[in-house]
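Per-entry structural report
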Amino acid sequence: MNSEGQTTAQLIETIAGLREHIAALEAAQDAPDVEGALARERNLVQQIVETSPVGITIVDRGGNIVFANRQAEYVLGLSKAEITTRTYDAPEWRATDYEGSPFPNERQPFRQVMGRGDSVYDVRHAIEWPDGRRKLLSVNGAPLLDRSGQIEQVIFTIQDVTEQVQNERALREERDFVSAILDTAGTLIVVLNREGRIVRFNRMCEQTTGYTFEEVAGHCFWDLFLLPEEIDAVKRVFSALVQKDFPNQFENYWVTKGGGRRLIAWSNTAIVDESSAVTHVFGIGIDVTEQRRAENALRESEQRFRQLAEAIREVFWIGALDWSAVLYVSPAYEEVWGRSPESLYAQPLSWLDTVHEEDRAIVRADIQRRIAGNFSPVEFPEYRIVRPDGEVRWILARAYPVRDASGAVYRIAGVAEDVTERRRTQAARERELRSLEQLSGAPRAGVTAETFGVVPLRQFVPDAFDALVADYSAALERVLERRAYRVEHDVSKELRVIADRLGSLRAGPRDVVDVYLAALKRKGEDIPLLKAQAYAEEGRLVALELMGYLVSYYRNHLMGNGTYRATDTLGERRQT
C-alpha cells in the first residue's frame, strides 16, 4: 500500500476507533459526564469526516449506502442525497476494472470486508458518472462493529485516481512529478543504515519482491536483490550517498523471491544527524519494468510504421488540425506529386497549388469545412493534380481525425492514392461497353422481326435470361482458362446447350449480344484492363460461335415453309 493509502487507512481506523469509543460511552450510561464525552466524540468524528480530503461513505450490512461526506460528492459525481439512494453494487455505477472489463461482485470492497471481517486496502475499480465519464477509484474499507462484535456497518475511503493512472502510463512526462511527490501510489521505500543493512522495507517493496520485512530486516540489500553484474555499480552509488553526495538517481534490477527481474528507478537521499553525519540512506523507487517495455514497444512500433509508410505506394501524411503544418509525409509524395517532402514541410498547403484549376475550388471548400471543426472522416471527390513536368494525375484522398486519450481531436491523418491508371481502365471499359450497347441496340431487318420474337429476352423472360447469362459467363471463364493455361474444356458442347435454350425461346442475334453484354457487366468494374480486354475479345468469338449453333438449331427445327414443327406456345406469346 502506498503512503497515501496508508494515510487513508489510518483515517478509517481512527474513525472506527472513535466509533467504538462512542459505543462504549453509550454503554456506560452511569459514567460521570457521559453526555458531554459523547458530544465531544461525535463532534470529533463529524469534523474528521467532513474535512477529510478523501471521499468517505458508510454502508450498512444490507449493502445500502447510508452516509456520504462532501468529498464523496466530488469523487462519485453525485450529490449526497443521490449517493444515499444507491447500494454499493447498484447497476448505475457501471463498475468495471481499469481496463473496462466487468468487475466481479465478489471483488467489491464491501463483499471482501463482510467476508473476511477485516479491512481491505487499495481495491481498484472504475465507475461511470451520470454524464458518461469514467473515473478510476482506489477504495479502502474497514468494518464498524456493534456492541456484540458483529459487523454493523462498513466505512470506506474513496479516492479518484483517474489522473494518477493516466500519468503512470506516460512515465516519461511524469518522472519529475513522481520524484517530487514521494508518497504516490506504486513507490518502493527502503531505508538502509550506513552499512547498507535494511532497517525499513515498506509494503510495496514486499509486494514487488515477494519478501516480507521480517525476512529481509538486518540483511545487506545487495546480498538479496541485486544481479551480480550490478553489485559494484550500486555499491559505488551507495558509497557516494554515505559521503554526502546526495541526492542522486539510479536504475538497477531487483531480483524477486521467485527469481524474476524488476527494473527500479531510484531517487536516493540521505538522513543526517545533528552533526551532519549520514545515519541512513533513504531510497524511493518506482517499478518501471512495464513502462520500459512499453517504451521499447513504442519505439519498435514507430520503426515499423515508418518502414510501412515508406514502402507503400500511397501517400500517407499527418498534419495539424488547421492544415497549417505537415508533421509527416511519406516518401511516396515525391513519386506521385513530383515534389520533395521537404517542400511540403516548408509550405504545408503547397500541394493545393498543384490541384488542377478546374478542381481546386471543390478541394479548397472541403478543407475549409474541416478547419471549421467538421472532424468526421472524409473522402474527397477525385481531383487532378499537375506535376512539374506537366503530367496530369488523378488523386483519391481520404482524411481522418486523430484523437488523444480523452477523445479530443488533435491531429488530421490522410491517405492519397494515385488512381490515374484506374480511371484510364474505367474509361476504356466504358468505351467497350458503349460499343457493345450500340451493337445490341442496332435496328432489325424486317425478316428478322418476322422470324424471331420482337420483345428482347431480358424483358420478356428475365429469370431465364439471367440463367443464360450465368451459363454463358461460366463458358467464357473456361475459354479464358483454355487460352491462359492450355486446359482442355469442351466449351462447344456447353454453347450448343445454350443455343438450344435460346432457340426454344425464339431468340435472335440481338438476344445473343444481350447475353454477352450482361455477362461482361457482371464480371465487375474493378478487374484489370488486360483482363477486361480478354473478356471482350474472347466474348465476341464465343458470341459468334453461339450464333452459329443457334442458326443450326433453327435449321433443324424449322420446316421448309418457315414454321415450327411443334407448337411453340412460349414463342407465340412472345410474338403477341
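Conventions adopted
- Residues numbered from 1 in each chain as written.
- Predicted model: local features only at pLDDT ≥ 70, side-chain atom pairs only at ≥ 80, totals over all residues.
- Heavy atoms only, no water.
- Helix = DSSP H or I, 4+ residues; strand = E, 2+ residues; numbered from the N terminus.
- Buried < 20%, exposed > 50% of the residue type's maximum accessible area, 1.4 Å probe, protein only.
- Contact = heavy atoms within 4.5 Å.
- Pairing = 2+ DSSP bridges.
- Axes fitted to C-alpha atoms, helices over the stretch in contact; angles between N-to-C directions.
- pLDDT = per-residue confidence, 0-100.
- Phe/Tyr/Trp six-rings, centres within 6.5 Å; stacked < 30°, edge-to-face > 60°.
- Lys NZ or Arg CZ within 6 Å of the ring centre and 35° of its normal.
- Expected span 1.5 Å × (residues − 1).
- Arc of directions from axis to C-beta.
- Core = buried A, V, L, I, M, F, W, Y, C linked by side-chain atoms within 4.5 Å.

**Some thoughts on the overall build of the protein**
- Looking only at helices and strands, the protein has 23 helices and 16 strands in total.
- For the protein, the residues scored as buried account for 42% of the 576 residues in total.
- Expressed as a percentage of contacts within the protein between residues at least 6 apart in sequence, the contacts between residues at least 24 apart total 52%.

**What about the sheet that holds strand S5 (residues 151-160)?**
- Strand order in this open sheet of five strands is S2-S1-S5-S4-S3, and the pairing throughout is antiparallel. The two strands at the open ends of the sheet, each matched to only one other strand, are strand S2 (65-68) and strand S3 (120-128). Each adjacent strand pair in this sheet contributes to an overall mean axis angle of 30 degrees, direction not counted.
- Pairing analysis gives nine bridges linking strand S4 (residues 134-145) to S5, with the strands arranged antiparallel. Residue pairing in the sheet places Pro143 in a bridge with Val154 of S5.

**What about the sheet that holds strand S7 (residues 198-201)?**
- Spatially, S7-S6-S10-S9-S8 is the arrangement adopted by the five strands of the open sheet, whose pairing is antiparallel. Each end of this open sheet is capped by a strand with a single partner; those strands are S7 and strand S8 (248-255). On average, each strand axis in the sheet is tilted by 30 degrees relative to the strand beside it, whichever way the strands run.
- Note: strand S6 (residues 187-193) against strand S10 (residues 278-287), seven bridges, orientation antiparallel. By the bridge assignment, Val191 is partnered in S10 with Phe282.

**A look at the confidence of the model for the protein**
- Averaged over every residue, the pLDDT of the protein is 79; residues scoring 70 or more account for 76%.
- The spread of mean pLDDT over the elements of the protein runs between helix H17 (residues 446-451), the lowest at 41, and S3, the highest at 94.
- Predicted confidence is poor over residues 175-185, with pLDDT under 50, and the contacts of this stretch with residues over four places away or in other chains come to 19 contacts.
- Low confidence marks residues 440-453, where pLDDT is under 50. Its contacts with residues over four positions away, or in another chain, come to 20 contacts.

**Some thoughts on the packing of aromatic side chains**
- Across all of its chains, the model carries 14 aromatic pairs by this definition.
- Look at Tyr333 and Trp337: their rings are 5.1 Å apart centre to centre, the planes differ by 20 degrees, and that puts the pair in the stacked class. Of this pair, Tyr333 and Trp337 both sit in helix H13 (residues 332-337), four residues apart, which is roughly one turn of the helix.
- The exposure class assigned to Trp337 is buried, which follows from its relative accessible area of 3%.
- Chaining the aromatic ring pairs together yields one cluster made of Phe201, Tyr211, Phe225, Trp254 and Trp266.
- Positioned above the aromatic ring of Trp129 is the side chain of Lys135, whose terminal nitrogen or guanidinium carbon lies 4.7 Å from the ring centre.
- Between the NZ or CZ atom of Arg423 and the centre of the ring of Trp394, over which it lies, the distance is 3.5 Å.

**Quick look at helix H11 (residues 231-242)**
- For H11, spanning twelve residues, the distance from its first C-alpha to its last is 16 Å, which sits close to the expected 16 Å at 1.5 Å a residue.
- Turning to H11, its buried residues number three or more, namely Val234, Val237, Phe238, Leu241 and Val242. Looking straight down H11, one finds its buried side chains confined to an arc of 140 degrees; they lie on one side. Exposed positions of H11 whose direction lies more than 90 degrees from the buried face are Asp232 and Arg236.
- Here the buried face of H11 lies against S6, helix H10 (221-224), S8, strand S9 (261-272) and S10.
- Positive backbone phi, at 75 degrees, marks Lys244, one or two positions downstream of H11.

**Observations regarding the nonpolar core**
- Leu457, Leu468, Tyr472, Leu495, Leu502 and Leu546 are the most contacted members of the largest nonpolar core, which has 33 residues in total.
- Mapped by element, the contributors of at least two residues to this core are helix H19 (462-485), helix H20 (491-504), helix H21 (509-522) and helix H22 (529-557).
- With ten residues, H22 is the largest single contributor of residues to this core.
- With residues up to four places along the chain from it excluded, the contact list for Leu502 reads Leu457, Leu468, Ala507, Val512, Leu546, Leu550 and Tyr554.

**Overview of unusual backbone geometry**
- Residue Pro247 is bonded to the preceding Phe246 through a cis peptide linkage, with omega at 0 degrees.
- Looking at the secondary structure, you find Pro247 in the loop between H11 and S8.
- In the Ramachandran plot, Lys244 falls in the positive-phi region, its phi being about 75 degrees despite a non-glycine side chain.
- On the basis of relative accessibility, which here comes to 47%, the residue Lys244 falls in the partly exposed class.

**A word on the pairing of strand S15 (residues 392-403)**
- The sheet contact formed by strand S13 (residues 378-379) and S15 spans two bridges and is antiparallel. Residue pairing in the sheet places Glu379 in a bridge with Arg398 of S15.
- Hairpin remark: strand S14 (residues 383-386) followed by S15, antiparallel, with five residues in the connecting loop; positive phi at Gly390, about 90 degrees.
- Sheet topology places S15 next to strand S16 (residues 409-418); nine bridges connect them, and they run antiparallel. Bridged to Leu396 within S16 is Glu417.
- Connecting S15 to the antiparallel partner S16 that follows it, the hairpin turn spans five residues, and Gly407 within it adopts a positive phi of roughly 95 degrees.

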